[in-house]
Amino acid sequence: MLHREFRAFLALLATRPINTRRNRTLRAPSRLRLLRFFRRLLIASLSCVLLFIIAWFVFPFPVGDLTRYPADTILLDRTGEPLRLRLGPHDTDCRLCYRPDPDRDWICRAVVAAEDQRFWHHCGIDPLALGRAIGQNAVHRRTVSGASTLSTQVVRLLHPRRRTLWTKAVELFRALQLETRLDKRAILEQYLNRAPFGANLVGIEAASRRYFAKEPQDLSLAEAALLAGLPQSPSRLRPDRFPARAQRRAAYVLDRMVACGMITPAQRDAARAMPVALRTDAYPFRAPHFCDLVLDTQALQVGGPDASHANAPAATRAAERAGHLDHAIRTTLDPALQRLAEQTLHNHAASWRTEGVSGGGVVVIEIASGAVRALVGSPDYADALRAGQVNGAMALRAPGSTLKPFVYALAMDQGRLTPATVLADVPRSFKDLTPVNFDGVFQGPVAAHDALLRMLRQAGLESLDQSAAHYGLNLALGDAPVRLLDLANAYASFGRGGVWRPYRLIEDVDSGRASRHVCSPEAAWLVAEMLGGDDRLPESHHADVRAPHIAWKTGTSSGFRDAWAVAFNPVYVIAVWAGNPNGRSAPALVGARLAVPAMWEIVRGLYPNGDGPWFERPAGVTRRTVCAVSGQPSGPDCPRTEEAWCIAGVSSPHPCDVHVRQTTADGRIEVVEHWPPAVASFLRARMAPDAGTRAAQPDEAPRLVNPQPGAVYRIVEGLDTAQRLMLKATCRGHETLYWFVDDQFLSAGAAEAPVPWTLARGHHVIVCATTAGCSARADIVVE
Ligand SMILES: [Zn+2]
């Protein structure tokens, strides 16, 4: 339509002299007509300019569209390597990793030569090409040349329209606007990221990886020429379907590059001679459970935040605000740590399987940032038979006694507990099981459970969403369900001096969620010290002199369904879970047996030289003299004292009530040990399950038969056999007596039944206790 008018205008200009020469009488009216014509032309031109200016401001360039792509979601690890690719809408494969370097990358030069040779110099419209196109189209009376520039093509790729002269005009207008918005490099980037390359490929990154398994900047001249030719007619030129056509087009692009002076004819000939081999890059698929989790939390965020998962969506929301979360998401995953975690779980799972345990999970969190550095949800994601896709790190499982450190911290902040009292309350060899009976330590069970539940929720265990009454004792016994990831993040609070922070899955983004206080820095430090003592090195590590200093706790859920181990130091939390995805129990599912070796393997992998960092003691933690048996501040009757940590002004100053004076039948006054009810009920619950159903027995202290207090024994040199002492006591009304040597549980046996103990040189304290909490004691010496 327009070119018809243009031709009429040309004809008019051409006919003017003829008119003047042919008919002089028409001269005046003709000149008048001409004048009128030019006046109209001027008005029309001015109107056009005015309209153009108005349109420029009334219809600004839709800048927002420049950031919208049909893009894949690419998850990257913290170093920027791809972990997972999820195709864009309609299965489009569009990756946005490429940043063009026009001076270095062949693809940039090849595209400019193929599509728009004056790209670097024009203003969005190439007047030379436009003039030529108008001429050619006028001559051929159809569209021969589009006079497209890369800028107009970006506009067309942004808003595809039916091709008419009007849309052409709009594209030219938008191209001019685009040039004022973006610099040339950014326009080239827009083009390269939006151009179609055949099949479902959009953008050079996807094309380059799919056809040549390379990043665009690594394309050779020949490969770049081949890809640069594709967008002109992507489905017709696809190199995997029509190699000959693609090669012909590549040859044309190379010729254009020579014509533009970008390459020499010799370079072109070399590129043409070089065989171009197609090779497809496999889609990345690493850290599958971690990626599932990131994508799930994203989906949740799109669908609206879910209170129970409020952790991660908050992080992604913050990411969007910060502009980080377009399509390439840099996650917190540390590739080396992830490999270590995967390898460890894989290795251990092989032996777990022989014991009827098929699932497991590992989480490593960096304490300072809350970043999840490794997450493995099953030994083998691809193992459908063993439900490998079920993410064990997010499954709700019973935590066993892994929640106990929170109980300790709570009781420490309440002044009821210090590490010394915990250690003394419990036979040391059993301190992993359950040191605290709530009835004994807290004022009342209900109040205690309320406080504990509040604290565990403060520590981010949001799966505990029922009332304290609902959980009852299960909370204390570790039967209330938690996720491995949440548990690891709760432990990170201890590493942070009692401050909880949401975990992060995306790098460089603060979740924006406020941190919370779970316990005091003093209690956090004391818990770390308690769980990090040298005596807590497992058997297999006594030989390993260079084990790093680390606090750790195991857990076993009731019914042997879950085995746990959680370790932490100032830098990392490492949490390991073993169990069956279907919840089936297995006798091997004991934390210390199954989970601890895997945990130590990761710890050793993190600190191969055995020199991990440790915490600085808070000023509020001080030393005081306590009873060596009870751990309470020593009283006048305590036979032995030692120095122990406590929280200044918080820990109970109540003196030892284990050592009490008693008047014997013959009128003598002696000091006896009266174990607190906590230990008594602990012993009852753990070691004599039938005791609770038995009728109450008269509270009577056992009487030691052997050894007698103050006895001295001598080890005879040169004897091959072990030299043993037979411990023996009598007690009326108690069938079972519990023997302790130097606070270590030795054995349980019926009254009057001898219990052998192998002599060891030194001073020893032999204690015999009843389930009711009465005891007898003898200090002996072995020379
Ligand atoms: Zn005492």
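For the structure itself, look to the data block above.
Cut-offs and rules
- Residues numbered from 1 in each chain as written.
- Predicted model: local features only at pLDDT ≥ 70, side-chain atom pairs only at ≥ 80, totals over all residues.
- Heavy atoms only, no water.
- Donors = N, O, S within 2.8 Å, 3.2 Å for Na, K, Ca; no water.
- Tetrahedral: all angles 85-135°; square planar, octahedral: opposite > 155°, others 65-115°.
- Helix = DSSP H or I, 4+ residues; strand = E, 2+ residues; numbered from the N terminus.
- Buried < 20%, exposed > 50% of the residue type's maximum accessible area, 1.4 Å probe, protein only.
- Pairing = 2+ DSSP bridges.
- Axes fitted to C-alpha atoms, helices over the stretch in contact; angles between N-to-C directions.
- Salt bridge = Lys/Arg side-chain N within 4 Å of Asp/Glu carboxyl O.
- Patch = residues over 30% accessible without salt bridge, like charges linked within 9 Å, V, L, I, M, F, W, Y side chains within 5 Å.
- Areas by Shrake-Rupley, 256 points an atom, 1.4 Å probe, with all protein chains shown as cover.

### A closer look at the coordination of the zinc ion
Six octahedrally arranged donors around a metal ideally form angles of 90 or 180 degrees; four tetrahedrally arranged donors ideally form angles of 109.5 degrees. Every protein donor of the zinc ion is accounted for by Cys 627 (SG), Cys 638 (SG), Cys 656 (SG) and His 659 (ND1), and the metal-donor separations fall at 2.1 to 2.3 Å. Each of the 4 donor atoms around the zinc ion contributes to a set of angles spanning 104 to 120°, which defines the coordination as tetrahedral. Summarised as a motif, the one-chain spacing of the donors to the zinc ion is C-x10-C-x17-C-x2-H. Pair noted here: Cys 638 is in the loop between strand E13 (621-627) and strand E14 (641-647) and His 659 is in strand E15 (residues 659-663), with a separation of 21 residues, a long-range link. Taken individually, Cys 638 and His 659 each receive the classification buried, so the pair is uniform in this respect.

### Concerning the sheet that holds strand E19 (residues 724-730)
With antiparallel pairing, the 3 strands of this open sheet are ordered in space as E17-E19-E22. Looking along the sheet, the strands with just one partner apiece sit at the ends: strand E17 (703-706) and strand E22 (755-758). Looking at each pair of strands side by side, their axes are set apart by 35° on average, direction ignored. With 4 bridges joining them, E19 and E22 adopt antiparallel strand pairing. Note that in E22 the partner of Leu 725 across the bridge is Trp 757.

### Looking at the pairing of strand E16 (residues 669-673)
Pairing analysis gives 5 bridges linking E15 to E16, with the strands arranged antiparallel. Bridge pairing links Val 660 to Val 672 in E16.

### Concerning the pattern of salt bridges
Tallying each qualifying case throughout the model produces 30 salt bridges. The partner of Glu 189 in a salt bridge is Arg 185, and the shortest N-O contact between them spans 3.4 Å. Of this pair, Glu 189 and Arg 185 both sit in helix H7 (residues 184-194), 4 residues apart, roughly one helical turn. Under the relative-accessibility criterion, Glu 189 is labelled buried at 14%. The class of Arg 185 is partly exposed, set by a relative accessible area of 32%. Note that Glu 223 is salt-bridged to Lys 214, the shortest N-O span being 2.8 Å. Given a relative accessible area of 25%, Lys 214 falls into the partly exposed group. Members of the salt-bridge network, linked through shared partners, are Asp 72, Asp 93, Arg 95 and Arg 210.

### Re a nonpolar patch on the surface
On the surface, Val 49, Phe 52, Ile 53 and Phe 57 cluster together into a nonpolar patch covering about 400 Å² of accessible area. Positionally, Phe 52 belongs in helix H2 (residues 27-58). Relative accessible area serves as the criterion here: at 37%, Phe 52 is assigned to the partly exposed category.

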